[in-house]
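For reference, the chains in residue letters:
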Amino acid sequence: WDENGDTMKALEDIRSGDDQFFRIEKDYSTAAYYLESMAQGYMGISTYNSQQNSLVQKFVDRLWPELWTKYDRNHLDFAEAVKKTGAAGMASLVGLKYLLSHRGTIQLEGFEKIGQEGNTVIYRNEAVDCAASFYTRSVTEKTYEKWAKENGDIRDLLSDLVITDAGTALDVGDEMPAGQGGSAQLSVTCRDRDSQVTGTVDSEDGGIVMIAVPVQDGWHAEVDGEEAQIITADYCFTGLLVPPGRH
């Protein structure tokens, strides 16, 4: 169990300098391998869940099958999936901002070494500020799957395009888009680790904010204090339509 306290020191280093809502992963075990984040108080995602959210399973099957481990379809391992695929973009999609490693220097596209406690090295994903993304273009699940069937691996599109379970006013139609969509200033914090996530978005364009929290019964959303409809984004995450401006 974290014999020298290096993991907890590294987590404290991160918390002391970053108040955003994000995720952390490790490539080593210091407790129960897939449930350590619950014991050690950080927001991780590699996990074992005997009753996996069906939308999470759909996200993994459709977009990031490398997440499945060799054991069964109840184990997910994000740290190893990032290393195997070099998928910094996919790591960004789920808000994976920091990676703790016991393997010395590792070469991961988009990740920079920012510190070390004992033998625990801290890497930061330079593309992530918080566990949320903003999009001004969307595509339906049906159309995205058609594109993937015709063109192979098109996951790079997801840095600039969000998949929705139903069409929205931002839908690009049947043709794969070129160029980049609009951008926004995003900030997301977690006042209460278990029950509330809050944030701000500021953009000249209306768009969809995707928060990397799976859609689940019991959650509800508000924009400027008004109840807002939750859209299923990228097969499993929480999406909110927001108008132009600051909200």
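See above for the structure.
Along each chain, numbering runs from 1 in the same order as the chain's sequence is written. With the structure being a predicted model, the display of local features is reserved for residues of pLDDT at least 70 and the display and counting of side-chain atom pairs for 80 or more, all residues being used for whole-chain, interface and lining totals. Excluding hydrogens and water, the side-chain figures rest on all heavy atoms present in the structure.

Caption draft 1: Fine view of the packing of aromatic side chains. Side-chain rings of Phe, Tyr and Trp (the six-membered ring for Trp) are treated as a pair once their centres are within 6.5 Å; stacked means planes under 30 degrees apart, edge-to-face means over 60, and tilted covers the remaining angles. Enumeration over the complete set of coordinates arrives at two aromatic pairs. Residues Phe22 and Tyr98 carry aromatic rings whose centres are separated by 5.1 Å and whose planes lie at 70° to one another, so their mutual orientation is edge-to-face. In this pair, Phe22 is assigned in the loop between helix H1 (6-17) and strand E1 (23-26) and Tyr98 in strand E4 (residues 96-101), connecting sequence segments 76 residues apart. An identical accessibility class is assigned to Phe22 and Tyr98; each is buried. Taking NZ or CZ as reference, Lys26 lies 5.3 Å from the ring centre of Tyr28, over its face. For helices the rule is a DSSP run of H or I covering at least 4 residues; for strands it is a run of E covering at least 2, with both sets numbered from the N terminus onward. A simple rule labels every residue: compare its accessible area, found with a 1.4 Å probe on the protein chains alone, to the largest value its type can have, and call it buried under 20%, exposed over 50%, or partly exposed in between. Should the NZ of a Lys or the CZ of an Arg lie within 6 Å of a ring centre and within 35 degrees of the ring normal, that charge is described as sitting over the ring.

Caption draft 2: Quick look at the nonpolar core. Core analysis: the biggest nonpolar cluster contains 56 residues, and Phe59, Leu63, Trp64, Leu67 and Tyr144 have the highest contact counts within it. The dominant element in this core, judged by the number of residues it contributes, is strand E12 (residues 207-214), at six residues. What makes two residues a contact is simply this: any of their non-hydrogen atoms within 4.5 Å. In this structure, Leu67 is in contact with Phe59, Val60, His75, Leu76, Asp77, Phe78 and Ala81, ignoring residues within four places of it in sequence. Take the buried residues of types Ala, Val, Leu, Ile, Met, Phe, Trp, Tyr and Cys, join any two whose side-chain atoms come within 4.5 Å, and each joined set is a nonpolar core.

Caption draft 3: The arrangement of the pattern of salt bridges in detail. Salt bridge criterion: a side-chain nitrogen from Lys or Arg within 4 Å of a carboxyl oxygen from Asp or Glu. Counting across every chain of the model gives 10 salt bridges. Close ionic contact of Glu66 with Arg155 constitutes a salt bridge, the shortest N to O distance being 3.1 Å. In this pair, Glu66 is assigned in the loop between helix H3 (54-63) and strand E3 (75-76) and Arg155 in the loop between helix H6 (141-151) and strand E9 (162-164), connecting sequence segments 89 residues apart. The partner of Glu150 in a salt bridge is Lys146, with the nearest N and O atoms 3.2 Å apart. Taken together, the residues span about one helical turn, with Glu150 and Lys146 both in helix H6 at a distance of four residues. Since its relative accessible area comes to 44%, Lys146 is described here as partly exposed. Each of Glu66, Asp153 and Arg155 takes part in a single network of salt bridges with overlapping partners.

Caption draft 4: Geometry of H6. Among all positions of H6, only Glu141, Thr143, Tyr144 and Trp147 are buried. Here the buried residues of H6 occupy an arc of 165° about the axis, which is enough to place them on one side. Relative to its buried face, H6 has exposed residues pointing more than 90 degrees away, namely Lys142, Lys149 and Glu150. Tucked inside the fold, the buried residues of H6 contact H3, strand E8 (138-140) and E9. Two residues or fewer after H6 comes Gly152, characterised by a positive phi angle close to 80°. In this context, the arc is that of the directions from the helix axis out to the C-beta atoms.

Caption draft 5: Region of the structure containing H3. Among the residues making up H3, those that are buried are Val56, Phe59, Val60 and Leu63. End-on view of H3: buried residues confined to an arc of 105°, all on one side of the axis.

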